[in-house]
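Structural overview for review
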Amino acid sequence: MSDSVRAAQAALFDPDGVEFRRVSPRLVTARYVTASLTAVVPIVAGVLLAVLVSPWWLLLAAPAALLLLWRLWLVPRQVRAIGYAERDDDLLVRKGIMFRSLVVVPYGRMQYVDVQAGPLDRKLGIASVQLHTAAAATDATIPGLPPHEAERLRDRLSARGEARLAGL
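Below is a summary of the structure that appears in this document. (Residues numbered from 1 in each chain as written. Predicted model: local features only at pLDDT ≥ 70, side-chain atom pairs only at ≥ 80, totals over all residues. Heavy atoms only, no water.)

In terms of nonpolar packing, the biggest core is built from 25 residues, with Leu91, Leu131, Ile142, Leu145 and Leu157 touching the most fellow members. Those residues in contact with leucine 91 that lie beyond four places of it in its chain are Tyr84, Ala85, Glu86, Val103, Val104, Val105, Tyr107, Leu131, Ile142 and Leu157. (Core = buried A, V, L, I, M, F, W, Y, C linked by side-chain atoms within 4.5 Å. Buried < 20%, exposed > 50% of the residue type's maximum accessible area, 1.4 Å probe, protein only. Contact = heavy atoms within 4.5 Å.)

Below you can see the structure in the form of structure tokens.
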């Protein structure tokens with residue numbers, strides 16, 4: 001791949017003059033917990049059956065353990081790749097390492113802004129902001145925000161959306 005192609009691809013996901021804000025590193029812990037909870041059942045079942053019945057049951061635990069190790073390696077990179085930027089007319093949300101994505105949500109197209117925090121999120125002091133537009137395909141979510149930043153972003157985006165709609 002030539003340098004000009006790489007530069008064009010980098011510019012596609014990192015527009016000039018745009019500074020992306022990162023999400024809280026506590027999102028890594030939240031994703032570690034959920035990945036561990038989904039892997040613990042087959043791992044424990046495989047180990048117990050291997051001890052009680054036959055060592056062949058470790059074949060049940062091995063793929064789950066390998067998948068868990070891979071997730072534990074991947075999650076911090078995924079969280080570092082999540083970012084958002086507020087511009088004058090729109091909000092940019094990017095994510096992804098291998099499959100990168102940049103969502104541009106014009107303020108005038110927003111219908112409402114939703115803030116969510118489950119029990120684990122509240123325990124870790126993070127929340128998610130979800131933007132809803134008329135087209136469901138352009139909805140964007142920013143996970144792992146500190147509650148004060150989620151509140152600030154919700155209020156700011158709502159105000160900007162209302163101002164853009166009033167100007168129509």
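As a further point, take the pattern of salt bridges. Counted under the stated rule, the structure contains six salt bridges. The residue glutamate 149 makes a salt bridge to arginine 21 at a minimum N-O spacing of 3.4 Å. With glutamate 149 in helix 5 (residues 147–166) and arginine 21 in strand 1 (residues 21–22), this pair connects stretches of sequence that are 128 residues apart. Judged by relative accessible area, which is 41%, arginine 21 ranks as partly exposed. (Salt bridge = Lys/Arg side-chain N within 4 Å of Asp/Glu carboxyl O. Helix = DSSP H or I, 4+ residues; strand = E, 2+ residues; numbered from the N terminus.)

Here we come to the layout of surface pockets. Of the voids in this model, the largest pocket is the one considered here, and its volume is about 160 Å³. Arg31, Leu74, Gln78, Ile82, Lys95, Gly96, Ile97 and Met98 are the residues that line the largest pocket. A class-by-class count of the residues in the lining of the largest pocket yields four nonpolar, two polar and two charged. (1 Å grid on protein atoms, 1.4 Å probe; cavity = no way out; pocket = protein on both sides within 12 Å on 5 of 7 lines; lining within 4 Å. Points joined across faces, edges and corners; volume = space filled by probe spheres on them. Nonpolar A, V, L, I, M, F, W, Y, C, P; charged D, E, K, R; others polar.)

Glancing now at the packing of helix 2 (residues 26–52) against helix 3 (residues 58–81). Two numbers describe how helix 2 lies on helix 3: the axes approach to 7 Å, and their chain directions differ by 170°. Relative to helix 3, the element helix 2 lies roughly antiparallel. (Axes fitted to C-alpha atoms, helices over the stretch in contact; angles between N-to-C directions. Parallel < 35°, antiparallel > 145°, perpendicular 65-115°, else oblique.)

With that out of the way, let us pick up the environment of leucine 145. As for its placement among the helices and strands, leucine 145 is situated in strand 7 (residues 140–145). Considered as a pair, leucine 145 and aspartate 121 are 24 residues apart in the sequence and their alpha carbons are 9.6 Å apart. What leucine 145 contacts, discounting residues up to four positions off in sequence, is Val23, Tyr84, Gly125, Ile126, Ala127, Val129, Ala150 and Leu153.

So, about the sheet that holds strand 2 (residues 83–86). Ordered by their spatial adjacency, four strands build an open sheet running 1-2-3-4, and the pairing between neighbours is antiparallel. Only two strands of the sheet have a single partner each, and these edge strands are strand 1 and strand 4 (101–106). (Pairing = 2+ DSSP bridges.)

Among the seven residues in strand 6 (residues 127–133), seven count as buried, and that is most of the element. Side chains of strand 6 alternate between two faces, with Ala127, Val129, Leu131 and Thr133 and Ser128, Gln130 and His132 buried alike. Here strand 5 (residues 110–116) pairs with strand 6 via six bridges, running antiparallel. Counterpart to tyrosine 112 in the pairing with strand 6 is histidine 132. Taken together, the four bridges between strand 6 and strand 7 define a ladder with antiparallel strand orientation. In the strand pairing of strand 7, valine 129 is matched with isoleucine 142.

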